[in-house]
Structure formats: structure tokens, C-alpha cells
Amino acid sequence: MHHSKDNYVYLTTAPVPRVIMALAVPTIVSMLVTSFYNMADTYFVGKIDTQSTAAVGIVFSVMSIIQAVGFFFGHGSGNYISRKLGAKETGNAEKMASTGFFLALFVGAFLALLGFLLLTPLSLALGSTPTILPYTERYLGVILLGAPFMAASLVLNNQIRFQGNAAYAMVGIVTGAVLNVILDPILIFGFGMGISGAAWATVISQVCSFTLLLFMSHRGGNIRIHYRNFTPTWAFVKEIVGGGTPSLARQGLASVATILLNVAAGAYGDAAIAGMSIVTRIAMFINAFLIGFGQGFQPVCGFNYGAGLYGRVRQGFWFCVKVGFIFLLVCAVAGMGYAEEIVALFRKEDPAVIAVGAAALRWQFITFPLGAWIIVSNMMLQTIRKPVRATVLSSARQGLFFIPLIFILPHFFGLEGVEACQATSDLLTFLLAIPLTCGVLAEMKRKEAAASFSSK
């Protein structure tokens with residue numbers, strides 16, 4: 001592995017598309033594996049019954065709140081670390097790494113405690129119908145144990161990635177995910193633990209990922225985590241808040257949107273909740289490619305922006321948008337034809353689930369390719385510290401537009417309104433993203449022109 005000094009040279013001089021591809025491959029693998037194991041949970045639990053499938057969909061919003069905490073501290077500290085390494089200030093980067101890690105660990109533990117104390121009211125608030133409630137409580141009661149590990153793992157993963165060492169991060173995540181997929185059938189069916197088995201499989205694999213990542217963070221050129229570097233000063237917290245709020249807003253609003261989606265679908269029965277939660281998983285799986293790709297762009301973006309090489313930032317941006325658009329277009333066209341078959345993979349025993357799922361999937365695919373522009377723009381705005389633009393854009397897709405639409409559309413179109421909600425929201429977000437990003441791209445072009453003018 002090349003060390004941080006060589007990483008700096010590599011990220012600021014090697015051909016942009018090549019650097020992005022090299023960094024994106026491990027990240028895409030981590031993202032795909034993570035969402036694959038969310039799908040594996042859904043797949044194995046789908047073999048139990050519709051109530052269990054729905055319960056996993058409901059608890060998923062709690063997991064995404066815990067993830068939001070991890071991303072908040074992970075992106076907040078990671079963005080800062082990559083800019084400081086780009087500006088060659090290692091000391092601050094080291095302090096920030098430990099600060100982000102321990103804060104996430106403590107907040108995760110606090111959330112777990114809160115969840116245990118409020119288990120039943122929380123399960124109901126998340127949209128459990130009376131038939132689903134006992135399943136939700138059993139699953140959630142176990143999942144909460146993993147909260148501190150899950151949040152802290154995401155911080156380690158992001159910090160390692162922002163230092164340009166994505167392959168290390170990949171090993172930690174992939175190991176946990178593979179373990180989860182192996183443990184799922186053993187605990188659910190072998191030990192006859194049902195839905196609790198699925199939850200235990202998740203928690204055990206999270207603890208393993210955590211341990212591995214902590215070990216990895218002491219390898220290679222990575223910054224080590226030490227409690228003595230834990231400096232929760234106002235300056236550091238402010239940096240984390242600035243760099244992490246777009247992630248928190250995106251993830252937090254996404255959780256709220258998932259909860260509202262479950263509540264809206266619940267009006268049409270357990271099968272509708274199960275169908276919609278399957279579609280959400282499939283869309284996330286395909287989007288994982290794009291997000292992984294965009295995350296390969298982030299270190300390139302952070303280092304080069306920090307070094308004042310704006311042309312490389314713009315080149316990387318357009319490269320990612322083009323590749324992403326073509327990829328999503330291919331997925332959407334293929335998916336349109338096989339919507340029923342795709343949903344049936346998860347729950348072929350229940351035709352009602354398939355009907356809802358297939359319709360929602362077709363809607364989702366119509367606006368899918370627009371996601372390339374939305375996601376890559378968001379990554380760039382967040383990394384170069386345009387916190388307001390980044391937060392508005394990252395909140396729009398699953399929050400600002402989705403949340404009002406989930407009340408409006410079902411009111412007029414019933415179940416079809418529930419199914420078409422995400423697609424409508426994506427279209428509006430795309431229209432909003434155009435002016436937000438073009439302004440920043442134009443500004444970088446001006447800075448670049450000014451720089452080349454002054455150097456003459």
C-alpha cells in the first residue's frame with residue numbers, strides 16, 4: 001500500500017478516471033455487499049411469513065437512524081481528514097479521527113438505551129399494525145444491542161476511505177456481511193429462532209465488522225484511533241456538524257420517509273407494507289453502485305479541491321455523471337420488463353405483495369437514470385464544503401419532496417399514489433439539482449481560469 005504522502009501525489013496527479021475507478025471498485029463492493037445483506041435478511045425472513053417481512057421493513061427505519069449517526073460522525077470527520085491530508089496537516093487529522101469515532105460510539109450506546117426503554121411505543125410509532133407488533137418488538141429488541149458497534153463501524157469505514165485506503169474498509173464490511181448471510185439461515189431455521197435469529201445474525205456480524213475495522217485502522221498508512229486523541233472541542237464538533245449534517249439530514253429524513261411510507265402502505269394491509277419494503281431494498285441495491293462510484297470520487301474531489309486543482313474536480317464530476325447515467329438507464333430498461341419476477345424472488349408465496357411491489361418498481365424505474373446527476377452532485381457539494389446546498393439537495397429526494405407527497409398522492413390516487421411517490425419526488429429533486437450544481441461548477445471554472453491567468 002502507498003502511504004499518505006504517496007496518496008497525495010496519486011490523487012492530485014494520476015489520470016482522473018483511473019483514480020476514480022481504482023477507489024470506486026472497493027467502495028462499490030462494500031456498498032453492494034451492505035445492501036445485499038439487507039436484502040438477504042429480507043429474503044430469509046420472507047420465508048417465515050408476511051408479518052415478519054413487514055417487521056424487518058419497519059425496523060429498517062431504526063437501523064437507518066443508527067446509520068445516520070454513523071454517517072454524521074463518519075462523513076463529518078472523514079471530509080475534514082481528507083482536506084487536512086490534502087493540505088498536509090496531519091496532527092489535526094489524527095485528533096479528528098479519534099474524536100469522531102468515540103462520539104459515535106457514545107451516541108450509539110445512548111440510542112440503544114433509549115430504544116430499550118421505549119420499545120413498545122417506538123414499535124407502534126414506526127407503523128406496526130397489531131398483527132406485526134410482536135414481531136417488531138422481538139426483532140428490534142435484539143437489533144438495538146448492535147447500535148454502538150454499527151455507528152462506530154461506519155465512522156471507521158468512512159475515515160479509512162477518505163484517507164484513500166478503500167480496500168481496507170472493504171475487508172471489514174464484507175466480512176461482516178458474509179457472516180450475516182451465513183448466520184441467517186442457521187439461526188432462523190437451524191435453531192428455529194425465527195425473526196429473533198435474523199436479528200442476532202445482524203448483531204453478531206456487526207460486532208465482528210467493528211473489531212476488524214478497528215484492527216485495520218492500525219494498519220498501513222492509516223491514522224490510528226487512540227482515546228488520548230479524543231478532543232471533543234467546539235472547533236472539532238463544529239467541523240463534524242458542518243461536514244456531517246448533509247448526511248444526517250439525508251439519512252434522518254429518509255428514515256422519516258420510510259416510516260411514513262410504512263404507515264401509508266399499512267392502510268392497505270400487511271402485504272402492501274411488505275411489497276413496498278421489498279422495492280425500497282431493490283432500489284437501494286442498484287443505487288449502491290452509484291453511491292459507491294460517487295464515493296470513489298470523494299477523495300479525488302476533497303484532495304484536489306484542497307490543493308486548488310479545480311479542473312480535476314470538474315473532470316471527475318462529469319466522468320461520474322456520464323457513467324452513472326448509462327448504468328442506471330440499462331438497469332431501468334431491464335427492470336421494467338421483469339418487475340414481477342424481481343419482486344417474486346423475495347416473497348413468491350403472496351400474490352398481493354407481488355402486485356404492489358411490481359407496480360411500485362415500474363414507477364421507480366421511470367425516473368431512475370436522473371439519480372446519477374442527483375447523487376454525484378450531492379457527493380461533490382458535500383466534500384467541497386457547500387453545506388447549505390449539499391443539505392438542501394440531499395434532503396430533497398427522500399424528505400423535502402417525498403414527505404409532503406406521501407400525504408398528497410395517496411389522498412388522490414390511493415395505493416397507486418403510494419407506489420408512485422418516490423418517482424415523483426426524484427423528478428422534482430432532479431429539477432432542483434440542476435441550478436444548485438451548475439452554479440458551483442461555473443464558480444470552479446472561473447477560479448481555474450483566474451489561476452491559469454495569474455500563473456502566466
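Definitions and cut-offs
- Throughout this document, residue positions are counted from 1 along each chain, in the order its sequence is written.
- Predicted model: local features are reported for residues with pLDDT of at least 70 only, side-chain atom pairs are reported and counted for 80 or more only, and whole-chain, interface and lining totals are derived from all residues.
- Heavy atoms from the whole structure form the basis of all side-chain values; hydrogens and water molecules are not counted.
- Here a helix means four or more residues in a row that DSSP labels H or I, a strand means two or more in a row labelled E, and each is numbered from the N terminus.
- In this description the radius of gyration comes from C-alpha coordinates, and the expected globular size is given by 2.2 Å times residues to the power 0.38.
- When a residue's accessible area, from a 1.4 Å probe over protein chains only, is under 20% of the maximum for its type it is buried; when over 50% it is exposed; and in between it is partly exposed.
- Residues count as neighbours in contact if any of their non-hydrogen atoms are within 4.5 Å of one another.
- For accessible areas, the Shrake-Rupley method is used with a probe of radius 1.4 Å. Any residue's cover is judged against the shown protein chains and nothing else.
- Residues counted as positive are Lys and Arg, residues counted as negative are Asp and Glu, and His and the chain ends are not counted.
- A charge is said to be at NZ when it belongs to Lys, at CZ for Arg, at CG for Asp and at CD for Glu.
- Axis definition: a line fitted to C-alpha atoms, over the contacting stretch in the case of helices. Angles run 0 to 180 degrees between N-to-C directions.
- Note on angle classes: values under 35 degrees are labelled roughly parallel, values over 145 roughly antiparallel, values of 65 to 115 roughly perpendicular, and the remainder oblique.
- Throughout this entry, Asp, Glu, Lys and Arg are counted as charged residues, while Ala, Val, Leu, Ile, Met, Phe, Trp, Tyr, Cys and Pro are counted as nonpolar. The remaining residues, Gly among them, count as polar.
- The term salt bridge refers to a pairing of a side-chain nitrogen on Lys or Arg with a carboxyl oxygen on Asp or Glu at a separation within 4 Å.

Engineer: For the overall build of the protein, give the residues involved together with the corresponding values.
Structural biologist: Across its full length, the protein carries 18 helices and zero strands. Taking 23 Å as the expected radius of gyration for a compact globule of 456 residues, we find that the protein reaches 21 Å, a close match to that expectation. When its C-alpha atoms are laid out on the principal axes, the protein stretches across 70 × 45 × 35 Å. Counting every position in the protein, which comprises 456 residues, the buried fraction comes to 59%. Sequence-distant contacts in the protein: of pairs separated by 6 or more residues, those separated by 24 or more amount to 83%. With an accessible surface of roughly 17300 Å², the protein has 73% of that area assigned to carbon and sulfur atoms. Of note, the protein has its 29 positive side-chain charges centred 17 Å away from the centre of its 18 negative side-chain charges.

Engineer: For the packing of helix α3 (residues 50-86) against helix α11 (residues 270-306), give the residues involved together with the corresponding values.
Structural biologist: Two elements in contact, α3 and α11, have axes whose closest approach is 11 Å; the angle formed by their N-to-C orientations is 10°. By the angle between their axes, α3 is roughly parallel relative to α11. Between α3, through Thr 50, Gln 51, Thr 53, Ala 54, Val 56, Gly 57, Phe 60, His 75, Ser 82, Arg 83, Leu 85 and Gly 86, and α11, the contact on the second element is made entirely by Asp 270, Ala 271, Ile 273, Ala 274, Ser 277, Arg 281, Met 284, Gln 295, Gly 302 and Phe 303. Class assignment of the residues belonging to the contact of α3 with α11 gives a composition of nine nonpolar, ten polar and three charged.

Engineer: Any details on the pattern of salt bridges? Residues and values, ideally.
Structural biologist: By the definition in use, this model includes four salt bridges. The partner of Glu 448 in a salt bridge is Arg 314, with the nearest N and O atoms 2.4 Å apart. Taken together, the residues span a long stretch of sequence, with Glu 448 in helix α18 (residues 415-455) and Arg 314 in helix α12 (residues 310-337) at a distance of 134 residues. Residue classification places Arg 314 among the buried positions, given a relative accessible area of 17%. Of the charged contacts, one joins Lys 447 and Glu 443 as a salt bridge, the two residues approaching to 3.6 Å between their closest N and O atoms. On the criterion of helical spacing, the pair formed by Lys 447 and Glu 443 is a turn pair, its members being four residues apart in helix α18. When salt bridges with common partners are traced through the structure, they connect Lys 386, Glu 443 and Lys 447 into a single cluster.

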